[in-house]
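# Residue-level structure breakdown
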Amino acid sequence: MEIVTGLTTTVSKLLQFSGLLMKNDAPGTKNMEEKALEVYDVIRTIRDPEKPNTLEELDVVSEKCVEVQDLGDDEYLIIIKFSPTVPHCSLATLIGLCLQVKLQRSLPFKHKLEIYISEGTHTTEEDINKQINDKERVAAAMENPNLREIVEQCVTEPDDY
C-alpha cells in the first residue's frame, strides 16, 4: 500500500510540475470541496432570528464562506466566515450560535469547528468571534431556555415541524 501511495504522490507531483495538473486539482482537494459543499448545505437553510429568510437568502453565508481542511485520521477542520447583514447587527452572536448548533448536530464526520465573522463586516467582530468559539459559553447559552427555543426555531428545517 505504501508503494501505491508513494507512486500516486510522485505521479501527482510530476503532473503538477508539467502543468498538466493544477495544484488545486490534486487528489484530496476535490474531497475537501465536496466536504465544504456538504457543510454549506447544512448551514444555508438556517433561518435568521429576526427575518423570515434563510442565512443564504440574506447573503449571511455563501459557498465561499466555508473552508474545510483535512486534519488526518478522518477528522476535518471546518472554518466558517459569515457576514452579518449590517455592521452593528445585534444578533450576530446568536447567528454564530445557530451555526455551531446546527453543524454539531448534522455533520456525519468527525470535525473541529471554527466560526468567525468575516473581517470588517461587524463593529465588534473580535469579541463575537471569541464568544462563538468558546465551548463553555456556547454550552451555557444553550442551557438558557429562551435562547435555546430561538436557536431551535432557526435551525429546524421547515419540514421538521
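Going by the structure above, here's the rest.
Definitions and limits used
- Residues numbered from 1 in each chain as written.
- Predicted model: local features only at pLDDT ≥ 70, side-chain atom pairs only at ≥ 80, totals over all residues.
- Heavy atoms only, no water.
- Helix = DSSP H or I, 4+ residues; strand = E, 2+ residues; numbered from the N terminus.
- Buried < 20%, exposed > 50% of the residue type's maximum accessible area, 1.4 Å probe, protein only.
- Contact = heavy atoms within 4.5 Å.
- Pairing = 2+ DSSP bridges.
- Axes fitted to C-alpha atoms, helices over the stretch in contact; angles between N-to-C directions.
- Expected span 1.5 Å × (residues − 1).
- Arc of directions from axis to C-beta.

### Things to note about the environment of Thr 93
Within the element layout of this structure, Thr 93 appears in helix H3 (residues 92–106). Judged by its relative accessible area of 28%, Thr 93 falls in the partly exposed class. Remark: the alpha-carbon pair of Thr 93 and Ile 117, spanning 24 residues in sequence, is separated by 9.3 Å. In contact with Thr 93, not counting residues within four places along its chain, are Ile 128, Gln 131 and Ile 132.

### Thoughts on unusual backbone geometry
The backbone of Asp 59 sits at a positive phi, close to 60°, despite the residue not being glycine. Relative to the helices and strands, Asp 59 is located in the loop between helix H2 (29–43) and strand E1 (66–72). Look at Asp 73: it is not a glycine, yet its phi comes out positive at around 50°. By secondary structure assignment, the location of Asp 73 is in the loop between E1 and strand E2 (75–82).

### Describing the sheet that holds E2
An order of E1-E2-E3 is seen for the three strands of this open sheet, with the pairing classed as mixed. For this open sheet the edge positions go to E1 and strand E3 (110–117), each flanked by a neighbour on one side alone. For this sheet, the mean angle separating the axes of adjacent strands, direction not counted, is 20°. The pairing of E2 with E3 spans eight bridges and is classified as parallel. Pairing of Glu 75 across the sheet is with Lys 110, part of E3.

### Observations concerning the pairing of E1
In this structure, E1 lies alongside E2, joined through six bridges in antiparallel fashion. Note on E2: the bridge partner recorded for Val 66 is Ile 80. Between E1 and E2, which pair antiparallel one after the other, the connecting turn spans two residues, and Asp 73 there sits at a positive phi close to 50°.

### So, H2
Residues three or four positions apart in an α-helix share a direction because the helix packs 3.6 residues into each turn. Taking 1.5 Å of rise per residue, 15 residues should cover 21 Å, and H2 covers 21 Å from first to last C-alpha, within 8% of that figure. For H2, the full list of buried residues reads Met 32, Lys 35, Ala 36, Val 39, Tyr 40, Val 42 and Ile 43. The buried residues of H2 occupy an angular sector of 155° when projected down its axis, which confines them to one face. Contact partners of the buried residues in H2: E1, E2 and H3.

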